[in-house]
Structure formats: structure tokens, C-alpha cells
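Each chain, written out:
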Amino acid sequence: VLALVADGERKDFINDGDNAVVVLDKTSFYAESGGQVGDTGAIANGDFTATVHDTKKTDGIFLHICNLNNGIIRVGDTLKAHVNSDRRHAIMRNHSAAHLLQAALRSVLGDHVEQAGSYVSEEICRFDFTHFAALTAEEIAAVEALVNAHILAAEGIFTLETDIETARQNGAMALFGEKYGKIVRMVKMGDFSTELCGGTHCTN
């Protein structure tokens, strides 16, 4: 534990029943980013247990938003971080579906279709995009058929960290206006979808 924050102030320790933000030196939790919600779960050791209700980040620092169930948590404590795996897997499925959906929309409607926002949780995938008109029933059916065909094909999903130019040469879609660092993460789904993305995804 690197830092504890409660009531807007840094603390050396926090008692049970308190709400707190916990900063760790490393974490298995995904912080809300790029339209994908943050992970939930628990952090604990032999002296305390805390429920993590959300994970966010600011300036690259991951913030575990918690409620301490019992015991005392102190700066310097060593603990285990347990992500709610069922929820994480549901989010992964919906995020992978969002990539397939964008590829299917571009295939059916044209390459002008680009993501204009999204929201991915364990329950839904919302994908915002620009187009000249509302989709017809036939276009919706065609998009659905394409997405389902690629899901049922169980094509491998691979991730690769590389430089932006190599990613573009491999056909990776980058979002207009997004800022990318020297190293980017490319997510490739069979030969159907290649995008830059830092989110969590299925393996097929």
C-alpha cells in the first residue's frame, strides 16, 4: 500500500467501516478507461478485508475505491488484490464484441464508420458511430450475422505491444483525436478486426 485517502485527506491507516481510496505499487485491477468500466473485487490480508467498488486512474495512478469491511489497513501493508473474475470476463466478452461490431459496421456500411464513443460494462456494450442515416432492418441483420459468425468461428484474439507506425502498417485502426504514446497495444481478432486498444479482451 503506497497511499490511503479518506475524506479528501491522506491517512496513515484506515479503520473498518470507512470508505477509502487505496493506491498500490502494482495491481491486477483494470481502471476505467477508453469506455470500459473499472474492475471491482476485494483487497485483503490477514488483518483486514476491503471491498473494491470501482477502479479509476489519474495521471497513471490507479485508485481502488473501497469500503473497509473489517480490520485496519495501513500504508506499507502487503496484501492480495482479487478481481471479481466473473464480472471481468463478462466485460471482456462485451469489449471484444465492440471490436467485432465496429468491423462489421465498416464492412456493411463502409469505411467511413468510426467509433465516436462507447461504454462497455458487464451488462452492455454501447457503441456510438457516425453514419449518413439510421440503419435499415436489413443492415442491422447483416451486421448481427457478421458479428455472430466471427464469434462462432472462435478465431484467436492476439495482443501485441509495438510502435504506432508498425501498428498502422498492420492495419490497426486508431481513433481520431486520441493521444498515443511511443508504444501502443494492438488487438487483432482473426483477419477481421485490428485496433489499438488498452482494454481487456477474450482470447478467442
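Above this text you will find the structure in question.
Residues numbered from 1 in each chain as written. Predicted model: local features only at pLDDT ≥ 70, side-chain atom pairs only at ≥ 80, totals over all residues. Heavy atoms only, no water.

Whenever I open this one, the packing of helix H1 (residues 85-109) against helix H2 (residues 137-152) confuses me. Can you help?
For any two helices packed against each other, one specifies the inter-axial angle together with the distance between the axes. One can describe the packing of H1 onto H2 by two numbers: an axis separation of 9 Å at closest approach and a directional angle of 135 degrees. As judged from the angle between their axes, H1 and H2 are oblique. Once H1 is placed against H2, the crossing between them reads as right-handed. Contacts between H1 and H2 involve Leu-100, Leu-101, Ala-104, Leu-105, Ser-107, Val-108 and Leu-109 on the former and, on the latter, Glu-139, Ala-142, Val-143, Leu-146, Val-147, His-150 and Ile-151. (Axes fitted to C-alpha atoms, helices over the stretch in contact; angles between N-to-C directions. Helix = DSSP H or I, 4+ residues; strand = E, 2+ residues; numbered from the N terminus. Parallel < 35°, antiparallel > 145°, perpendicular 65-115°, else oblique. Left-handed = near helix turned anticlockwise from the far one by under 90°. Contact = heavy atoms within 4.5 Å.)

Help me understand the side chain of Ser-96 in this model?
Examined against the element boundaries, Ser-96 turns out to sit in helix H1. Residue classification places Ser-96 among the buried residues on the basis of a relative accessible area of 5%. Ignoring any residue separated from it by four or fewer positions in sequence, one finds Ser-96 in contact with Ile-157, Met-189, His-201 and Cys-202. (Buried < 20%, exposed > 50% of the residue type's maximum accessible area, 1.4 Å probe, protein only.)

Could you clarify how one ought to interpret H1 in this entry?
Residue pairs spaced three or four apart in an α-helix point in one direction, given the helix's 3.6 residues per turn. Taking 1.5 Å of rise per residue, 25 residues should cover 36 Å, and H1 covers 36 Å from first to last C-alpha, within 8% of that figure. Taking the backbone nitrogen of Asp-86 as reference, a side-chain oxygen 3.4 Å away marks Asn-84 as the first, capping residue of H1. Directly beyond the C-terminal end of H1, a positive phi value near 130 degrees is found at Gly-110. (Expected span 1.5 Å × (residues − 1). Polar contact = N/O pair within 3.5 Å; in protein donor to acceptor, adjacent residues only side chain to side chain.)

How should I be thinking about unusual backbone geometry in this particular structure?
The backbone phi angle of Asp-7 is positive, close to 55 degrees, even though this residue is not glycine. The exposed category is assigned to Asp-7, whose relative accessible area is 77%. For Asp-59, which is not glycine, the phi torsion reads 55 degrees and is therefore positive. Secondary-structure assignment places Asp-59 in the loop between strand E6 (48-58) and strand E7 (61-74).

Honestly, the pairing of strand E9 (residues 115-120) in this entry has me stumped. Any pointers?
Every regular strand shows the same layout, with side chains that alternate between the two sheet faces. The sheet contact formed by E9 and strand E10 (residues 125-129) spans five bridges and is antiparallel. Note on E10: the bridge partner recorded for Val-120 is Cys-125. (Pairing = 2+ DSSP bridges.)

What should I look at first to understand H2 in this one?
End to end, H2 covers 22 Å across 16 residues, agreeing with the expected 22 Å (1.5 Å per residue, within 8%). Considered for burial, the residues of H2 that qualify are Val-143, Val-147 and His-150. Buried residues in H2, looked at end-on, bunch into an arc of 65 degrees, giving them a common side. Exposed side of H2, more than 90 degrees from the buried face: Ala-137, Glu-138 and Leu-152 are the residues found there. Directly beyond the C-terminal end of H2, a positive phi value near 50 degrees is found at Ala-154. (Arc of directions from axis to C-beta.)

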